[in-house]
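Here's the letter readout for the chains.
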Amino acid sequence: MIALSRRQFICGSAAVAALATTPALAANGVKNLPGGKTEVSLAANKALGSVGGIVELSIKKYGKVAVIRTSKSAKGFAVVNLSCPHAGVIVQQNAGGWICPGPRGHGSEFGMNGALKVGPANSGLKPIKFTANSKAVVIS
Ligand code: FES
C-alpha cells in the first residue's frame with residue numbers, strides 16, 4: 001500500500017471532484033422547431049459527448065435550462081429548468097450540482113440531474129420533456 005501525504009490526498013481528491021463535474025457551457029447549434037420545440041445539436045456541443053457534460057441555454061417557453069449528459073446511452077440526457085422551485089432565482093453550477101445563490105437565493109442545493117439535496121426548496125429542479133437521438137436533443 002502506498003502512503004499518501006495529507007497534501008497528496010487533498011490534491012488527489014480535488015482531481016476526482018474535477019472529473020465528476022464539468023463546467024456548464026453556453027449551448028451552440030440551437031434551432032427553434034415548429035410547435036415550440038428547441039433542437040440542441042450534439043455535433044455543435046461537444047460537451048454533451050461525455051457523461052457529466054452540461055450546456056445551458058435560454059428558451060422563451062421555460063427561461064434558462066440545462067441539458068445534461070447522464071449516461072452514454074443515446075437517450076442518456078436530462079433537461080432541467082434552472083429556476084429554483086423555492087422562489088425562482090436562477091441556480092448556479094457548483095462542484096456537487098447546482099446551488100441557489102445569495103443574496104436573492106436562499107442556498108437550496110440540487111444534484112447535477114436536478115434532484116433536491118438541501119432546502120428550503122421542497123422539490124428538485126423541474127424536469128423538462130425532451131427526445132434524444134444520435135444527432136440532437138429536442139426539448140418539447
Ligand atoms: S429562491 Fe432558491 S432557495 Fe430560495
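Please refer to the structure placed before this passage.
## Thoughts on the overall build of the protein chain
Here comes step 1: The helix and strand inventory of the protein chain stands at one helix and 12 strands.
Here comes step 2: Going from N to C terminus, the protein chain has its helices and strands arranged as α-β-β-β-β-β-β-β-β-β-β-β-β.
Here comes step 3: In the protein chain, 41% of the contacts between residues at least 6 apart in sequence involve partners at least 24 apart.

## A look at the sheet that holds strand β11 (residues 130–132)
Here comes step 1: Spatially, four strands are ordered β2-β3-β12-β11 in an open sheet, and the strand pairing comes out antiparallel. Since the sheet does not close on itself, it has two edges, and those belong to β2 (30–32) and β11, each with one partner. Neighbour to neighbour, the strand axes of the sheet diverge by 20° on average, direction disregarded.
Here comes step 2: The sheet contact formed by β2 and strand β3 (residues 38–41) spans three bridges and is antiparallel. Bridge pairing links Lys31 to Glu39 in β3.

## As for the pairing of strand β5 (residues 63–69)
Remark: a regular strand shows side chains that alternate across the two faces of the sheet.
Here comes step 1: With five of seven residues buried, β5 is to be regarded as a mostly interior element.
Here comes step 2: Sheet analysis places strand β4 (residues 54–59) next to β5, joined by six bridges and oriented antiparallel. Paired with Val55 across the two strands is Val67, which belongs to β5.
Here comes step 3: In sequence, β4 turns back onto β5 through a hairpin of three residues.

## Regarding the nonpolar core
Here comes step 1: Val40, Val67, Phe77, Val79 and Val137 are the most contacted members of the largest nonpolar core, which has 29 residues in total.
Here comes step 2: Contributions of two or more residues to this core are made by β4, β5, β6 (77–81), β11 and β12 (136–139).
Here comes step 3: Contact partners of Val40, with chain neighbours within four places excluded, come to Ala27, Gly29, Val30, Asn45, Val55, Leu57, Val67, Ala136, Val137 and Ile139.

## Quick look at the sheet that holds β6
Here comes step 1: The strand order β1-β4-β5-β6 describes an open sheet built from four strands, whose pairing is mixed. Every other strand in the sheet has two partners, leaving β1 (25–26) and β6 as the edge strands with one partner each.
Here comes step 2: Across two bridges, the pairing between β1 and β4 is parallel. If you follow Leu25 over to β4, its bridge partner there is Val55.

## Some details on the pairing of β6
Here comes step 1: With four of five residues buried, β6 lies mostly within the body of the structure.
Here comes step 2: As paired strands, β5 and β6 are joined by five bridges and run antiparallel to one another. Its bridge partner being in β6, Ile68 is matched across the sheet by Ala78.

## Re the environment of Ala74
Here comes step 1: Following the sequence through the fold, Ala74 ends up in the loop between β5 and β6.
Here comes step 2: You can call Ala74 exposed: it has 11 C-beta atoms within 10 Å.
Here comes step 3: As a C-alpha pair, Ala74 and Ala132 span 58 residues in sequence and 6.7 Å in three-dimensional space.
Here comes step 4: Leave out the neighbours within four places in its chain, and Ala74 touches Ala132, Asn133 and Ser134.

About the thresholds
Residues numbered from 1 in each chain as written. Predicted model: local features only at pLDDT ≥ 70, side-chain atom pairs only at ≥ 80, totals over all residues. Helix = DSSP H or I, 4+ residues; strand = E, 2+ residues; numbered from the N terminus. Contact = placed C-beta atoms within 7 Å. Pairing = 2+ DSSP bridges. Axes fitted to C-alpha atoms, helices over the stretch in contact; angles between N-to-C directions. Buried ≥ 20, exposed ≤ 12 C-beta atoms within 10 Å, placed from the backbone. Core = buried A, V, L, I, M, F, W, Y, C linked by C-beta atoms within 7 Å.

Read these as layout, nothing more, since geometry by itself doesn't imply function.
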